[in-house]
Amino acid sequence: MEKAIAAEPQLQQQRDNDESVARLMEIALRLEGLYRHASTHAAGVVIGDRSLSELVPLYRDPRSDMPVTQFNMKWVELAGLVKFDFLGLKTLTVLARCLDLLKARGVDLEFSTLPLDDRPTFELLSRGDTVGVFQVEGAGVRDMLKKLRPDRFEDIIAVVSLYRPGPMENIPRYIAVKHGEEEADYLHPALEGILKETHGIMIYQEQVMQIAQVLAGYTLGGADLLRRAMGKKIQAEMDAQRKSFVEGAVGRGVAPAKAEQIFDQMAKFAGYGFNKSHAAAYALVAYQTAYLKANYPVEFLAASMTLDLGNTDKLNHFRQELGRLGITLLPPDINRSDVEFAVEATPSSPSPASGGGQGGGQPAIRYALAAVKGVGAQAMRDIVNERAARGPYKDLFDFARRLDTKSFNRRQFENLVKAGAFESLNPNRAQSFAAAELLLREASRTAEERQDGQHTLFGDAGFADMGFAARPSLPVIPDWPPVERLQFEFEAIGFYLSSHPLEPYGKSLERAGILRWVDLPAALAGNSATRFRLAGIVIEKKERTSARGNRFAFIQLSDTSGAFEVTAFSEVLGQARALLEVGQQLIVTVDVRREEESLRLTAQKIEPLDSVVAQAAAGLRVFVSEADALPRLKSVIAREAGGRGRVTVVLDLPSREVELALPGGFRIDPRTRAAVKSLPGILDVHDI
């Protein structure tokens, strides 16, 4: 606060000109830095031999129904309490959900009987195919797995223990010894039995204790005191322990110099050594998740997505993984979707665009209704329960009449429309969206009739099922154009699901040497260059001011393979600010720098996508929805005759789709593309 006031003249001016602002700042400066609240340890539970109120002062956390100690974790032990950390893992719920999905299709799996030598599981780990796998998702640990090629459960325990600051320096040696490229060094023949499992490297705290016991005659209790002393690094304690260890080892025939060397190795290790029992428990969960992904990927990823229902970044990450694995993600559907992500069999000839269906085809994942933004899980549960009780919804009016209006509002309906959830009832999303008020009035009227015990002459079916026009008609309007349709879908879901605005440009982008985001790491690894070009549609922009007063921006972009962030500093930002509106399609030239497990992209140039791809386009494929559009298209195209570009027209006839190539060549540039795309009756324009 003090720095902000000193650096910002406007704040100083407001303080000097307004007594209430001055008073506010005075109070704020005194409050800043004070403790805001008393926090409660997320997993710590204390146990005493009598009522806790007799041992420590207690406090009731207003966010909990449990009393908490006023002492912190160090002082409660001195007060005579035993502290345990009980950790709740979301992954355990993923595993349980996955087992439920498997049981629903007749696969009864028990983790207690899971084989720990499953070949597909170790092959998956060796490929680094670990999106969604507990503890081993990061880029760095995936790289380690590819080099290690684990083939036994003990390797997974070692991975969990080694991939941390400190022990990481031992990873290359562990891998080299495992693959016979280096000899294991057990320090002393008596230690081979202790260190053989970890290829001569001390990884676990239990190994320190065993070495002290075997080599120097420590009791297990004494060995635990040694481990603690090494961890705390208190010099006086370490000197006393060194003397005891060396004397004990020499008494058992170990040379004094070797005993000193081994003690130094143990002391170095103990600063970051991992508890093996803890590592083994985590490794078991990692193995179980890897087993499910290797053998039952559809159910595993459906369960994983359910546990990240409200995290659109994670859901988009999983969507990319599904695409890589060839698993179809079916769109939300009011008559097929569950509250959570569910497994559904597609027809025998699966098509991601077909909307899926029941049958004997490949298993797919149906998008969860509750994962649509702003709809609420309870309202979706009510919709699904109503459908289960009285059958699928026949049309939009049937849906409205069966709604519980107490838990459902206009915003929820509109978001479901934007997401495409009503497409099976009415393929015209714009019409469904425009009918929101009409349908919700119908829902309220029907709810009032139910409450009053009133019924129409023919019951709930109403007049429509008897051939009478008892209900109002939906508004007659054309559907949203493809780009607008996708933009609304993005708003409701958080990413582009059914398609992507850049898909029509695919061939031209490839010809122009534009990379997809997902291909950037491989291009960086296989190339000495660090400057690349990416295409993207702007999904968010945040401008900031640096300490020196310069403006810069974080720009979120999306391409057909995923979302990524680019930083634009003042010079580039100033030149391109007009282009950085949400929905703009851009080509961004970036410098790439690897930072730990992520890539940092800095913009060097930002251009409109159309101006770049037009130069690479071999032609246009024009999708026409009505005959009236053809004369208008002819008049635009005729003006561009004489170029080298091809133009084909795609007509959706009642019996089939027909593509006609127009004779001659045409000049294809951004102006031509934009003119064609803006014509009434033109559905879309793709590059050839």
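None of these values were measured; they are calculated from a predicted model. (Residues numbered from 1 in each chain as written. Predicted model: local features only at pLDDT ≥ 70, side-chain atom pairs only at ≥ 80, totals over all residues. Heavy atoms only, no water.)

Colleague: Give me the overall build of the protein chain: which residues, what numbers.
Modeller: A tally of regular secondary structure across the protein chain gives 29 helices and 16 strands. Overall, the protein chain is about 100 × 75 × 70 Å in size when its C-alpha atoms are taken along their principal axes. Looking at the protein chain as a whole, 44% of its 688 residues qualify as buried. Nonlocal contacts in the protein chain, meaning residues at least 24 apart in sequence, comprise 63% of its contacts between residues at least 6 apart. On the protein chain, roughly 36300 Å² of surface is accessible, and the fraction owed to carbon and sulfur atoms is 52%. With 84 positive and 89 negative side-chain charges, the protein chain shows a spacing of 3 Å between the two charge centroids. (Helix = DSSP H or I, 4+ residues; strand = E, 2+ residues; numbered from the N terminus. Buried < 20%, exposed > 50% of the residue type's maximum accessible area, 1.4 Å probe, protein only. Contact = heavy atoms within 4.5 Å. Areas by Shrake-Rupley, 256 points an atom, 1.4 Å probe, with all protein chains shown as cover. Lys, Arg positive; Asp, Glu negative; His and termini not counted. Charge placed at Lys NZ, Arg CZ, Asp CG, Glu CD.)

Colleague: Tell me about the side chain of Glu442, and name the residues and values.
Modeller: With respect to the helices and strands, the residue Glu442 is situated in helix α22 (residues 436–452). Among the residues examined, Glu442 registers a relative accessible area of 8% and is labelled buried. Not counting residues up to four positions away in its chain, the partners in contact with Glu442 are Phe397, Ala400 and Arg401.

Colleague: Requested: an account of the sheet that holds strand β6 (residues 342–345), with residues and values cited.
Modeller: To summarise the sheet geometry, strands pair through backbone hydrogen bonds and adopt either a parallel or an antiparallel arrangement. One open sheet holds the 3 strands; their spatial order is β5-β7-β6, and the pairing between them is mixed. Looking at strand neighbours, the two that pair on one side only are β5 (329–330) and β6, the edges of this open sheet. Examined bridge by bridge, β5 and strand β7 (residues 363–366) share 2 bridges and lie parallel to one another. In the sheet register, Leu329 faces β7, and the bridge partner there is Ile365. (Pairing = 2+ DSSP bridges.)

Colleague: Before we move on, can you summarise the packing of helix α11 (residues 205–216) against helix α13 (residues 235–251) with the specific residues and values?
Modeller: Axis separation between α11 and α13 bottoms out at 8 Å; the angle between their running directions is 45°. Between α11 and α13, the crossing angle belongs to the class labelled oblique. Residues Ile211, Ala212, Leu215 and Ala216 of α11 form the contact with α13, whose own contacting residues are Phe245, Gly248 and Ala249. (Axes fitted to C-alpha atoms, helices over the stretch in contact; angles between N-to-C directions. Parallel < 35°, antiparallel > 145°, perpendicular 65-115°, else oblique.)

Colleague: Lay out unusual backbone geometry in plain terms, naming residues and giving numbers.
Modeller: One non-glycine residue, Arg149, lies in the positive phi region at around 50°. Checked against the element boundaries, Arg149 lands in the loop between α7 (139–148) and α8 (153–162). At His199, a residue that is not glycine, the phi angle is positive and equals roughly 55°. The buried category is assigned to His199, whose relative accessible area is 13%.

Colleague: So what about the sheet that holds strand β16 (residues 682–687)? Which residues, and what values?
Modeller: What the 4 strands build is an open sheet, ordered β15-β14-β13-β16; its pairing is mixed. Bordering the open sheet on either side are β15 (657–661) and β16, each of which pairs with just one other strand. Taking each pair of neighbouring strands and ignoring which way they run, the sheet shows an average axis angle of 20°. Direction of pairing for strand β14 (residues 641–652) relative to β15: antiparallel, over a ladder of 5 bridges. Bridge pairing in β15 links Val650 to Glu659.

Colleague: Run through the side chain of Arg319, naming residues and quoting values.
Modeller: Turning to its location among the elements, Arg319 is positioned in helix α17 (residues 312–325). Within the buried set, Arg319 has no salt-bridge partner at all; the shortest N-O distance to an opposite charge, 7.0 Å, is to Glu503. In this structure the side chain of Arg319 is engaged in a polar contact, spanning 2.9 Å, whose partner is the side chain of Asn316. Setting aside chain neighbours within four positions, we find Arg319 in contact with Leu329, Phe495, Tyr496, Leu497 and Thr560. (Salt bridge = Lys/Arg side-chain N within 4 Å of Asp/Glu carboxyl O. Polar contact = N/O pair within 3.5 Å; in protein donor to acceptor, adjacent residues only side chain to side chain.)

Colleague: An account of the nonpolar core is needed here, citing residue identities and associated values.
Modeller: By size, the foremost hydrophobic cluster in this structure holds 98 residues, and its most contacted members are Phe341, Met380 and Leu416. It is helix α15 (residues 276–295) that contributes the most residues to this core, 9 residues altogether. Formed by 29 residues, the second largest nonpolar core is a distinct cluster that contains Tyr186, Ile211, Ala259 and Phe263. (Core = buried A, V, L, I, M, F, W, Y, C linked by side-chain atoms within 4.5 Å.)

Colleague: Quick rundown of the packing of aromatic side chains? Include the residues and the values.
Modeller: Inspection of the entire model under this criterion finds 20 aromatic pairs. With a centroid separation of 6.5 Å and an interplanar angle of 35°, the aromatic rings of Tyr287 and Tyr291 are classed as tilted. Taken together, the residues span about one helical turn, with Tyr287 and Tyr291 both in helix α15 at a distance of 4 residues. Tyr291 gets classed as buried once you look at its relative accessible area, which sits at 9%. Joined through ring pairs, the aromatic side chains of Tyr393, Phe399, Phe408, Phe413 and Phe422 make up one cluster. (Phe/Tyr/Trp six-rings, centres within 6.5 Å; stacked < 30°, edge-to-face > 60°.)

Colleague: Please give an account of the pattern of salt bridges that cites residues and values.
Modeller: Summed over all chains, the structure comprises 52 salt bridges. Its salt-bridge partner being Glu197, residue Lys276 comes within 3.0 Å of it at the nearest N-O pair. With Lys276 in helix α15 and Glu197 in the loop between α10 (192–195) and α11, the pair connects residues that are 79 residues apart, well separated along the chain. A salt bridge links Arg445 to Glu449, with the shortest nitrogen-to-oxygen separation between them at 2.5 Å. With Arg445 and Glu449 both in helix α22 and 4 residues apart, this pair spans about one turn of that helix.

Colleague: Tell me about helix α18 (residues 377–390), and please be specific about residues and values.
Modeller: Note on helix geometry: an α-helix contains 3.6 residues per turn, so any two residues three or four positions apart are oriented the same way. Its 14 residues give α18 an end-to-end C-alpha distance of 20 Å, which sits within 8% of 20 Å, the value for a rise of 1.5 Å per residue. Every buried residue of α18 is accounted for by Ala379, Met380, Ile383, Val384, Glu386 and Arg387. Within α18, the buried residues cover an arc of 155° as seen down the axis, which keeps them to one side. Turned more than 90 degrees off the buried face of α18, the exposed positions are Ala388 and Ala389. On the buried face of α18, the contacting elements are α19 (396–401) and α20 (410–419). Backbone geometry just after α18 places Gly391 at a positive phi near 95°. (Expected span 1.5 Å × (residues − 1). Arc of directions from axis to C-beta.)

Colleague: Let's hear about the confidence of the model for the protein chain: which residues, and what values?
Modeller: In the predicted model, the protein chain carries a mean pLDDT of 89, and the fraction of residues at 70 or more is 94%. In this model, residues 457–469 is a region of pLDDT below 50 whose contacts with residues beyond four sequence positions or in other chains number 12 contacts. (pLDDT = per-residue confidence, 0-100.)

Colleague: Quick one: what's the story with helix α28 (residues 629–638), residue by residue and with numbers?
Modeller: Within the span of α28, buried status applies to Ala629, Leu633, Val636 and Ile637. With its buried residues spanning 95° around the axis, α28 presents them on a single face. Within α28, the exposed residues directed more than 90 degrees away from the buried face are Pro631 and Lys634.

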